[in-house]
Amino acid sequence: MSGMSPSQIRFLALVRREVSRFMKIKRQTLGAPLLETFLYISVFGAALGARIDKLQGVDYVVFIVPGLIMMAWATNAFANNSSSILQQKMERAIDDQLSSPASPAQLMMAFALGGFIRGAVVAAITTGVALLLIDLPVEHVLVLIPALALVGMFFAQLGVFIGVRAEQFDDVAVAQTFLLQPLIFLGGVFYSAELLPEPWSTITHFNPVYYMIDLVRYGFLGTSETNVAASLAILTAIVGALTLLNLHRFRVGTHLRS
Amino acid sequence: MVFAPDPAEDGPPPTGPADVPALQATDVAKRYPTGVEALRGVSLRIEAGGFLGLLGPNGAGKSTLISCITGLARPTAGSIEVFGHDALGHDPEARIAVGLAPQDINLDWFLTVEETLDFHGGYFGMPKRERRARTEELLEAFSLTDKRDQRTRTLSGGMKRRVVLARALMHRPRLLILDEPTAGVDVELRLELWHAVQQINAEGTAILLTTHYLEEAEQLCDRIAFIDGGRIVGEGTSAELAAAHGVETLEDAYLSLVGRHELSRQGGILGAATAAGLDPEELRRARAAGARDEAADGTGR
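Each value, and the rule that gives it
Residues numbered from 1 in each chain as written. Chains lettered and ligands numbered in written order. Predicted model: local features only at pLDDT ≥ 70, side-chain atom pairs only at ≥ 80, totals over all residues. Heavy atoms only, no water. Helix = DSSP H or I, 4+ residues; strand = E, 2+ residues; numbered from the N terminus. Buried < 20%, exposed > 50% of the residue type's maximum accessible area, 1.4 Å probe, protein only. Contact = heavy atoms within 4.5 Å. Areas by Shrake-Rupley, 256 points an atom, 1.4 Å probe, with all protein chains shown as cover. Buried area = accessible area lost by both parts, 1.4 Å probe. Salt bridge = Lys/Arg side-chain N within 4 Å of Asp/Glu carboxyl O. Phe/Tyr/Trp six-rings, centres within 6.5 Å; stacked < 30°, edge-to-face > 60°. Lys NZ or Arg CZ within 6 Å of the ring centre and 35° of its normal. Pairing = 2+ DSSP bridges. Core = buried A, V, L, I, M, F, W, Y, C linked by side-chain atoms within 4.5 Å. Axes fitted to C-alpha atoms, helices over the stretch in contact; angles between N-to-C directions. Parallel < 35°, antiparallel > 145°, perpendicular 65-115°, else oblique. Left-handed = near helix turned anticlockwise from the far one by under 90°. Nonpolar A, V, L, I, M, F, W, Y, C, P; charged D, E, K, R; others polar. Expected span 1.5 Å × (residues − 1). Polar contact = N/O pair within 3.5 Å; in protein donor to acceptor, adjacent residues only side chain to side chain.

(A) Representation of the overall build of chain B in the model. A tally of regular secondary structure across chain B gives twelve helices and ten strands. Per-residue burial over chain B gives 51% buried out of 301 residues.

(B) Spotlight on the overall build of chain A. Per the secondary structure count, chain A includes ten helices and zero strands. Taken from the N to the C terminus, the helices and strands of chain A come in the order α-α-α-α-α-α-α-α-α-α. Looking at chain A residue by residue over its 258 residues, the buried ones come to 56%. Relative to all contacts within chain A whose residues are 6 or more apart in sequence, the contacts with residues 24 or more apart total 82%. Accessible area for chain A stands at about 11000 Å²; split by element, carbon and sulfur atoms hold 68% of it.

(C) The interface of chain A and chain B, seen in detail. Counting residues at the interface gives 32 residues for chain A, matched by 33 residues for chain B. For the pairing of chain A and chain B, the buried interface totals around 2800 Å² over both sides, and the portion due to carbon and sulfur atoms is 54%. Considering only the surface of chain A that becomes buried against chain B, Lys24, Asp96 and Ser258 of chain A emerge as the three largest contributors, covering 23% of it. Where chain A meets chain B, there are four salt bridges.

(D) Molecular detail of the packing of aromatic side chains. Applying the stated criterion to the full structure yields eight aromatic pairs over all chains. For the ring pair Phe111 of chain A and Phe250 of chain A, a centre distance of 6.1 Å and an interplane angle of 40° mean the geometry is tilted. Residue Phe111 of chain A is found in helix 5 (residues 104-133), and its partner Phe250 of chain A is found in helix 10 (residues 228-252); the two are separated by 139 residues along the sequence. In this structure, Phe111 of chain A and Phe250 of chain A share a single accessibility class: buried. Cation over ring: Arg249 of chain A sits above Phe161 of chain A, and NZ or CZ is 4.3 Å from the ring centre. The positively charged end of Arg153 of chain B is found above the aromatic ring belonging to Trp109 of chain B, 4.7 Å away from the centroid.

(E) Structural view of the pattern of salt bridges. Residue and element names in this part refer to chain B. This structure, assessed with the given rule, holds 16 salt bridges over all chains. For the salt bridge of Arg172 with Glu137, the shortest nitrogen-to-oxygen distance reads 3.4 Å. With a gap of 35 residues between them, Arg172 in the loop between helix 6 (157-169) and strand 7 (175-179) and Glu137 in helix 5 (residues 128-141) connect regions that are remote in the sequence.

(F) Representation of the sheet that holds strand 1 (residues 23-31) of chain B in the model. Residues and elements named next belong to chain B. If you walk across this open sheet you meet the four strands as 2-1-4-5, and the pairing is antiparallel. Where the open sheet ends on each side, the last strands, each with one partner, are strand 2 (37-46) and strand 5 (85-86). With two bridges joining them, strand 4 (residues 77-82) and strand 5 adopt antiparallel strand pairing. Residue Glu81 lies in a different strand from strand 5, and its bridge partner there is Asp86.

(G) Local environment of the nonpolar core. Counting residues in hydrophobic clusters, the biggest one holds 110 residues, and the most contacted among them are Phe155 of chain A together with Val82, Leu175 and Leu208 of chain B. If you tally residues by element for this core, the top one is helix 3 (residues 60-91) of chain A, at 16 residues. Residues within four places of Val82 of chain B in sequence aside, it is in contact with Ala22, Leu23, Ile69, Ala87, Ala94, Ala97, Val98 and Leu175 of chain B. In terms of nonpolar packing, the next biggest core, distinct from the first, is built from 46 residues, Leu193, Val197, Leu250 and Ala253 of chain B among them.

(H) Just unusual backbone geometry, in detail. Of note, the bond from Glu198 of chain A into Pro199 of chain A is cis; its omega dihedral lies within 30 degrees of zero at 5°. Mapped onto the secondary structure, Pro199 of chain A falls in the loop between helix 7 (169-185) and helix 8 (200-204). In this structure, Gln56 of chain A takes a positive phi of about 50° despite not being glycine. Mapped onto the fold, Gln56 of chain A is located in the loop between helix 2 (26-48) and helix 3. Positioned with a positive phi, Asp27 of chain B is a non-glycine residue whose angle comes to about 50°. Assignment of secondary structure puts Asp27 of chain B in strand 1. A residue is classified by how much of its surface remains accessible, and Asp27 of chain B, at 47% relative accessible area, is partly exposed.

(I) The packing of helix 3 of chain A against helix 9 (residues 208-221) of chain A, seen in detail. Residue and element names in this part refer to chain A. Here helix 3 crosses helix 9 at 120°, and the two axes come no closer than 9 Å. Here helix 9 runs oblique to helix 3, going by the angle between their axes. Regarding helix 3 and helix 9, the two cross each other, and that crossing is right-handed. Of the residues in helix 9, those touching helix 3 at Val62, Phe63, Pro66, Gly67, Ile69 and Met70 are Val209, Met212, Ile213, Val216, Arg217, Phe220 and Leu221. Counted by class, the contact of helix 3 with helix 9 contains eleven nonpolar, one polar and one charged residues.

(J) Geometry of the pairing of strand 1 of chain B. Residue and element names in this part refer to chain B. Sheet topology places strand 1 next to strand 2; seven bridges connect them, and they run antiparallel. Pairing of Ala25 across the sheet is with Leu44, part of strand 2. Linking two consecutive strands that pair antiparallel, namely strand 1 and strand 2, is a turn of five residues; a positive phi of about 100° is found at Gly35 within it. Two strands pair when backbone bridges link them, and strand 1 and strand 4 are joined in this way by five bridges, in the antiparallel orientation. Looking at the pairing, Ala29 lines up with Ala77 of strand 4.

(K) Highlighting helix 1 (residues 6-24) of chain A. With 19 residues, helix 1 of chain A extends 26 Å between its outermost C-alpha atoms, agreeing within 8% with the 27 Å of an ideal straight helix rising 1.5 Å per residue. Along helix 1 of chain A, the positions that sit buried rather than exposed are Ile9, Arg10, Ala13, Leu14, Val15, Arg17, Glu18, Ser20, Arg21 and Phe22 of chain A.

(L) Structural detail: the side chain of Ser264 of chain B. Residue and element names in this part refer to chain B. With respect to the secondary-structure elements, Ser264 resides in the loop between helix 10 (250-257) and helix 11 (269-276). Only 2.6 Å separates the side chain of Ser264 from the side chain of Asp252, close enough to count as a polar contact. Sequence-distant contacts of Ser264, defined by excluding residues within four places in its chain, comprise Asp252 and Leu255.

(M) Broad picture of the sheet that holds strand 7 of chain B. Residue and element names in this part refer to chain B. One open sheet holds the six strands; their spatial order is 6-7-8-3-9-10, and the pairing between them is mixed. At either margin of the open sheet sits one strand with a lone partner, and together these are strand 6 (98-101) and strand 10 (231-236). Averaged over neighbouring strand pairs, the angle between their axes works out to 15° when direction is ignored. Sheet topology places strand 9 (residues 223-228) next to strand 10; five bridges connect them, and they run antiparallel. Bridge pairing in strand 10 links Ile227 to Ile232. The strands touched by helix 10 are strand 3 (51-55), strand 9 and strand 10; relative to strand 9, the strand with the most contacts, the crossing angle is about 25°.

See the structure below:
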């Protein structure tokens, strides 16, 4: 006899389906990001890092690792959800979920959590690899955990948004290549915005990912270029707004129901 | 009782008086953003345990109506109730009561046959133990047991069709919707599916079947509705429909309703005469005389 209500069983099944999908292709979904992180740390840390001065009081390789962990969570959360939803839309397999008694909120959150969990797993593996290779401090765990969770949920919800809207894989690839990657790379994963000449330093402050990276870096290294409390508050508000927008789209059925 | 709804296992059944129909669609209209009016005031009723065949040409509105019933499309007007529950809102009881086997195979490529059934049961709130038992029943009933660990994308077309039907039955729906279930399947599988569908209906599940095969509808359904241009243009038993149009077969009644009398296998004349309000024999004689005249003056082709 299960102790769960039908509604809980439904939600769990929806989340399990999303997790099952990325676990079935784990060489691609978990293995590739692991290799990617190893290469970043090797190239930027070992090869280039030796020729770069300390940044924010730490070795260059230590400086970039928080950004790499955040990047791993963000890109995987986004890629998982956008691809999973689009693939199911193209097969019309998503009709099985859409015609079920699951509520719009359950459907939306289950899709979001699929990518969120994949991002968390990849970020955990990335952190594990980094800990094996370098001495990585964790200065403010109470900021780090909510910061990473908020960043993960932001990109998971962004993946849901793009996946629902997309009609072909090109739409997802365009968003990933021309929106996500530039925002992340220009957000300061590999450098400090304070080192940039004007106007680039100022322009960087308009990039929301800059604040996300800075939050995560603060959690690990204890140093920050921005107001931590304000960044957390604004990030929470943005995640809330994006979640509500996605919920509205699932309720109305835009791009999901004809 | 492999196919029958089993409220005892699923918890309390959806409530409602015994005479509540399985499906009551009233004045359902659907206009797509492109301006296409797929449904223009469709009203349809299926009694609990009934078996209705919905026939119509391509683009008549059959699949759109099914999408509206299952929540996959939003009607622009009208109401749809499934066992008395509003199917247009997010009433879980309306969803739980319906099982859908769509026209196009829409199986999840990433899942095995067993997972397909198990996840579907989960989406419908079935506890694990019940899902496991039901999966075994359906794998056995549809001869899928030895394919249980196979990914759905690697199955043959016929096997995929079986999985789609098994999935639709997984949560023991009280209204089963079959959208052209035998399109493109071989004779053997078609007969197997007919047998299964008859058994499902005999065990108390109401069925809405769309098909292009008139003999399929005649063989299986209690009642038949014709849909054309987004409207229900005729409804009754096969005999009633034929009689109402002064023809002998369901096929001719169908052709008459969709305005294609000339395609009648009864000679075309019968349908044409009926449509024109003429005596078929008189028209046949007139055509024969015309053909002789054409042959005589050399204009016959």
